[in-house]
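As a plain string of letters, each chain reads:
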Amino acid sequence: MPLEAGLLEILACPACHAPLKEADNELICTAEACALAYPIRDGIPVLLVDEARRPA
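Notes on the structure follow. Predicted model only: the values in this text are computed from it and were never measured.

**Details of the overall build of the protein**
The secondary structure content of the protein amounts to 1 helix and 4 strands. Start at the N end of the protein and walk to the C end: the helices and strands fall as α-β-β-β-β. Counting only C-alpha atoms, the protein reaches 25 × 20 × 15 Å along its principal axes. Of all 56 residues assigned to the protein, the portion counted as buried reaches 29%. Across the protein, contacts joining residues at least 24 apart in sequence account for 16% of those joining residues at least 6 apart. Taken as a whole, the protein presents about 3,900 Å² of accessible surface, with 54% of it coming from carbon and sulfur.

**Overview of unusual backbone geometry**
If you check the backbone angles, Ala35 has positive phi at about 55 degrees while not being a glycine. Mapped onto the secondary structure, Ala35 falls in the loop between strand S2 (26-29) and strand S3 (37-41). Backbone geometry at Asp42 places phi at a positive 55 degrees, although glycine is not the residue there. Topologically, Asp42 is positioned in the loop between S3 and strand S4 (44-45).

**Things to note about the environment of Tyr38**
Summarising the element assignment, Tyr38 is placed in strand S3. When the C-alpha positions of Tyr38 and Pro14 are compared, they lie 9.9 Å apart, and in sequence the two are 24 residues distant. Residues within four places of Tyr38 in sequence aside, it is in contact with Cys13, Pro14, Ala15, Leu20, Asn25, Glu26, Leu27, Val46, Leu47, Leu48, Val49 and Ala52.

**Observations concerning the pairing of S2**
Both strand S1 (residues 20-23) and S2 contribute to a ladder of 4 bridges, which runs antiparallel. Its bridge partner lying in S2, Leu20 is registered against Cys29. As consecutive antiparallel partners, S1 and S2 are separated by 2 residues, and within that stretch Asp24 has a phi angle of approximately 55 degrees, a positive value. Bridge count between S2 and S3: 3 bridges; the pairing is antiparallel. Note that in S3 the partner of Glu26 across the bridge is Pro39.

Basis of the calculations
- Residues numbered from 1 in each chain as written.
- Predicted model: local features only at pLDDT ≥ 70, side-chain atom pairs only at ≥ 80, totals over all residues.
- Heavy atoms only, no water.
- Helix = DSSP H or I, 4+ residues; strand = E, 2+ residues; numbered from the N terminus.
- Buried < 20%, exposed > 50% of the residue type's maximum accessible area, 1.4 Å probe, protein only.
- Contact = heavy atoms within 4.5 Å.
- Areas by Shrake-Rupley, 256 points an atom, 1.4 Å probe, with all protein chains shown as cover.
- Pairing = 2+ DSSP bridges.

Below you can see the structure in the form of structure tokens.
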């Protein structure tokens, strides 16, 4: 279930404050140096650095 466009516009990466983009069930940081992927659970973004997946 995609997030509302207005919500995605105001969300930012908690680690580096870069914009996020939606991909599958994750929000991915657009900063190449960071690139953390935050899960979306039950339609709610979990923007906790401890819960984020590191880039491969």
